[in-house]
Structures are given as structure tokens and as C-alpha cells.
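Residue strings, one per chain:
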Amino acid sequence: MQKYTVGIVGATGAVGEEVMRVLAQRDFPIKKLRIFGRPGRNDRSVGFKGKIIPVEQLTRDPHFRGIDYLVFAASGQVSQNFAHLAVNSGCIVVDNSSAFRMAKYVPLVIPAINAHALKSHQGIIANPNCTTAITLMALWPLHKRFKVKRVIASSYQSVSGAGQEGIDELERQIKLDVEERRMTNDRFVFAHQIAFNVLPYIGNISLSGYTDEEMKMQNEGRKIMDHPTFRASLTCVRVPVRRAHSISVSAEFHDTVSVEAAHSVLVGSPGIDVIDDPSGNRYPMPLEQAGHDNCAVGRIRKDCAFENGLSFFVSGDQLLRGAALNAVEILEELVKLR
Ligand SMILES: NC(=O)c1ccc[n+]([C@@H]2O[C@H](COP(=O)([O-])OP(=O)(O)OC[C@H]3O[C@@H](n4cnc5c(N)ncnc54)[C@H](OP(=O)(O)O)[C@@H]3O)[C@@H](O)[C@H]2O)c1
């Protein structure tokens, strides 16, 4: 079996660590793993399959030659600065940031939905926004059957969506709040205390009143589903959950829907589990989805505000479906295309 040289930029972060774990777990055929990190930090290393891998500093003139696949899991700025350089050095780039998602020449891919888009790549492939990816795992099979018109949704996004520092901030604040029984000013990542709170604002506000994070569902959803008239009104909310995002969705369809038909579409759809027994207290929850590859959908009911509408709640590990697992699945598809 052919093996590949794989690189990861940002392997010490929340997403990068998961990329390494998923590569090992799925036994991706790796000949050599190279890790790149922030410049100015010497003598760092990470462990992979029992080996110690040195972290190379990502300097202005990085040595990418010989790498087959390079996964970016740092900031959008780092991707902007280095992705094209990597492509020119012969790498195929899978980018977790939002830097290239809407670029016409860049496929934006969830393999269970549009793996075919990979065929036209020109060196860079984008991983979608995590909230969008988790929502589409449930919405796409329903769209194929009933043709979605629009959705109104609210997200419940975990602190790890803001990286490792988000997790650290929640844990510090919970400790301070519990031990000292006071609001804390110990915050660097979120604008307000996140422990025992919810923050209805993620991303940067635009003139429309939506944040850029909120517009990703419509913009990226249109591109991934190849559905140019899809409309999505999303309110993004940060919640004091360590890991896994959830989304409450009301969706309107062109065709007549029923709860029974929705169930039969979703049961057996790839990457999604139906957990839907409210009277038995069985529904999707982030605590249960954390660490799981599949997303879960439940609370499926006829929407009482839309004519052909369904409401449902979907929960999934955003570090996996919204980042690392999706990226590794893309690598697996790329290998098949060689
Ligand atoms: N967190 C999520 O749920 C999630 C989901 C989907 C997509 N994403 C996207 O994935 C990317 C990574 O997010 P994250 O949550 O993993 O962030 P993170 O925990 O803050 O990790 C960022 C990583 O990037 C590295 N880095 C920072 N500046 C660098 C530089 N100049 N050169 C090389 N490496 C550098 C950091 O290395 P040091 O250890 O040296 O600081 C760290 O390893 C972001 O673009 C984010 O938007 C995140």
C-alpha cells in the first residue's frame, strides 16, 4: 500500500491534536509526519503512534517540499500566508480555517455530501464551518428527499470552538466562581464570563446585524449542497459546554414532510444517529456526542410555524465532524482519487 508524507500546521491546538488522533485511529497510510508550529518556540515535540515528532517552526521560508498532504489547523492568517506556498511546493492543502472556503477555485467539502467536488481541486480544499457541518449532516438527507427552502436556527456552541484557550478559560472561571462565589474578570477569550452564562454573539458583527459566523450557514450551505437559493437565519450562541456544538433547527421544505418520513430518511444516513425518544429522556446532548464521530439528531417534530416544516435538534463534536474527522475523511477521498 502506498504511504504518504503528511504535515500538520498547528498540531498543538485543539483541532490539530484531534487531526493527529484521527489519523492514528483510522490508520491513515503515513510514511512520515511533519509538524509545524508558531515560530519562536524552540525544542517542542508531539507524540504520534509512540514516536516523538519535533515541531518545526513555521518561518517565512518553510520547507514544505516532499509533503503530499498538508493540513492547516492554525489561524486564517496563517493559512493565507502559507497555503499557496505549500501548493507551489507540491502539497495538497486541507484548510480548517475560513480563509478559502468561499473562493470559487476551492472545493468546500463534507465527504458524505459532496466528495465529488474534490475532483476539481487546484491544490487547496476547505473544511466547512463546524456549526454548518453538523447541521448539514442532518439537513442534507432531508433536503435530498423534501428539498429544503430555508431554515431558522440557533446554535449552542461549546467553548472549544474558540480553541484550547476557550476550554482553559471556562475551567478557570468555574473554579473561581465556585470557590470565591463571584463574577470573574479573569477573561481573555470571551467578552464576558462564560461560566454559568450564555453569550449570544460569536464572530464579528456586520451591517446586516448578523455576525460573520452566523452567515456561514447560508453561504457555505449553498456551496456544499449546490443549492444557490438556500436561506438560513442563524443566531450563534456560546454556551458553557466543553466540547460539541448543538443546533436547534426549524426547516421549511418544498415538498410535504412528515415526522415518520423524516425518521426513515435519517435512520441509516451516513454520519448521523437518530436519538429521538423524548418521553424516555433520549435526545441528542453535547456531553454524549463529545468524542463521537457521528452527529445525533432528535426532537424531530412537525414545525407549527412553517407549512411544510420540521423542527429538530442536532448535536455533534465540532472538533471531529466540524474539523479533524472531516479533514481526514477528505484525505482518504483524495487518496482514492490518485
Ligand atoms: N476549535 C474548533 O472547534 C474549530 C472547528 C473548526 C475549525 N476550526 C478552525 O481551525 C483552526 C485551529 O483552531 P483551534 O481551535 O485548534 O485553535 P487553537 O487551539 O488556538 O490552536 C491553534 C494552533 O495554531 C498554532 N499557531 C498559531 N500561530 C501560528 C503560526 N504563526 N504558525 C504556525 N502555527 C501557529 C498554535 O501553535 P502554538 O501552540 O504554538 O500556539 C496552535 O497549535 C482555526 O482556523 C479555527 O477557526 C476550529
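Residues numbered from 1 in each chain as written. Predicted model: local features only at pLDDT ≥ 70, side-chain atom pairs only at ≥ 80, totals over all residues. Heavy atoms only, no water.

K.L.:
Can you tell me about the nonpolar core, naming the residues and giving the values?
P.N.:
One finds F64, L70, L139, L142, F253, F312 and V314 to be the most contacted residues of the largest nonpolar core, which totals 55 residues. The element best represented in this core is helix 4 (residues 130–146), accounting for nine residues. Excluding residues that lie within four positions of it along the chain, F312 makes contacts with A138, L139, L142, I247, S248, V249, A251, V297, G298, R299, I300 and R301. Of all hydrophobic cores here, the second largest spans 32 residues; its members include F48, V109, A117 and I125. (Core = buried A, V, L, I, M, F, W, Y, C linked by side-chain atoms within 4.5 Å. Buried < 20%, exposed > 50% of the residue type's maximum accessible area, 1.4 Å probe, protein only. Helix = DSSP H or I, 4+ residues; strand = E, 2+ residues; numbered from the N terminus. Contact = heavy atoms within 4.5 Å.)

K.L.:
Provide a residue-level description of the sheet that holds strand 3 (residues 45–48), including the pertinent values.
P.N.:
Strand order across the open sheet formed by seven strands is 3-4-2-1-5-6-7, with mixed pairing between neighbours. Every interior strand has two partners, whereas the edge strands, strand 3 and strand 7 (124–126), have only one. The sheet shows a mean angle of 25 degrees between the axes of neighbouring strands, direction not considered. Relative to strand 4 (residues 51–57), strand 2 (residues 30–37) is paired through three bridges, and the arrangement is parallel. Looking across to strand 4, one finds that G37 is bridged to Q57. Of the strands in this sheet, strand 1 (4–9), strand 5 (69–72), strand 6 (92–95) and strand 7 touch helix 9 (residues 320–337), which is tilted by about 155 degrees from strand 6. (Pairing = 2+ DSSP bridges. Axes fitted to C-alpha atoms, helices over the stretch in contact; angles between N-to-C directions.)

K.L.:
Hey, could you go over unusual backbone geometry for me, with residue numbers and the actual values?
P.N.:
Residues apart from glycine generally show negative phi values, whereas peptide bonds are mostly found in trans. Located in the positive-phi region is K147, a residue other than glycine, with phi close to 60 degrees. Mapped onto the elements of the fold, K147 is located in the loop between helix 4 and strand 8 (148–157).

K.L.:
Kindly report on a nonpolar patch on the surface, identifying the contributing residues and their values.
P.N.:
Together, I174, V178 and F196 make up a nonpolar patch on the protein surface, roughly 280 Å² of accessible area in all. With respect to the secondary-structure elements, V178 resides in helix 5 (residues 164–180). A relative accessible area of 47% means that V178 is categorised as partly exposed. (Patch = residues over 30% accessible without salt bridge, like charges linked within 9 Å, V, L, I, M, F, W, Y side chains within 5 Å. Areas by Shrake-Rupley, 256 points an atom, 1.4 Å probe, with all protein chains shown as cover. Salt bridge = Lys/Arg side-chain N within 4 Å of Asp/Glu carboxyl O.)

K.L.:
Quick rundown of the site of the ligand? Include the residues and the values.
P.N.:
If you check the shell around the ligand, you find 27 residues, and the closest are T12, V15, R44, A74 and S160. Contacts to the ligand include G10, whose backbone N or O atom sits 3.2 Å from an oxygen atom. In this structure, an oxygen atom belonging to the ligand sits 3.2 Å away from a side-chain N or O atom of R41. Its free accessible area being 900 Å², the ligand has 81% of it covered by the protein chains. Of the residues that constitute the shell around the ligand, the class distribution is twelve nonpolar, twelve polar and three charged. Two domains each put at least three residues into the shell around the ligand: domain 1 (4–128 + 323–337) and domain 2 (132–318). (Near = heavy atom within 4 Å. Polar contact = N/O pair within 3.5 Å; in protein donor to acceptor, adjacent residues only side chain to side chain. Nonpolar A, V, L, I, M, F, W, Y, C, P; charged D, E, K, R; others polar. Domains from an automatic or database assignment.)

K.L.:
Give a detailed account of the packing of helix 4 against helix 6 (residues 212–225), specifying residues and quantitative values.
P.N.:
Close contact between helix 4 and helix 6 brings their axes to 10 Å; oriented N to C, the two are set at 45 degrees. With respect to each other, helix 4 and helix 6 are oriented oblique. The two elements helix 4 and helix 6 meet at a crossing, and its hand is right-handed. Residues T131, T132, T135, L136, L139, W140 and H143 of helix 4 form the contact with helix 6, whose own contacting residues are E213, K216, M217, E220, G221, I224 and M225. Classifying every residue of the contact of helix 4 with helix 6 gives six nonpolar, five polar and three charged. (Parallel < 35°, antiparallel > 145°, perpendicular 65-115°, else oblique. Left-handed = near helix turned anticlockwise from the far one by under 90°.)

K.L.:
Describe the packing of aromatic side chains, and please don't skip the residues or the numbers.
P.N.:
Overall, the coordinates contain six aromatic pairs when judged by the stated rule. The interplanar angle of 70 degrees and the centroid separation of 5.8 Å between the aromatic rings of F146 and F253 together place this pair among those described as edge-to-face. Residue F146 is located in helix 4, and its partner F253 is located in strand 10 (residues 245–253); the two are separated by 107 residues in the primary sequence. Each member of the pair F146 and F253 is classed as buried. Every member of this aromatic cluster is reached through a ring pair, and the members are Y4, F28 and Y69. (Phe/Tyr/Trp six-rings, centres within 6.5 Å; stacked < 30°, edge-to-face > 60°.)

K.L.:
Requested: an account of helix 1 (residues 14–25), with residues and values cited.
P.N.:
Between its terminal C-alpha atoms helix 1 stretches 17 Å, which fits the 16 Å expected from twelve residues at 1.5 Å a residue. Residues of helix 1 that are buried: A14, G16, E18, V19, M20, V22 and L23. One or two steps after helix 1, the chain reaches D27, where phi turns positive at roughly 55 degrees. (Expected span 1.5 Å × (residues − 1).)

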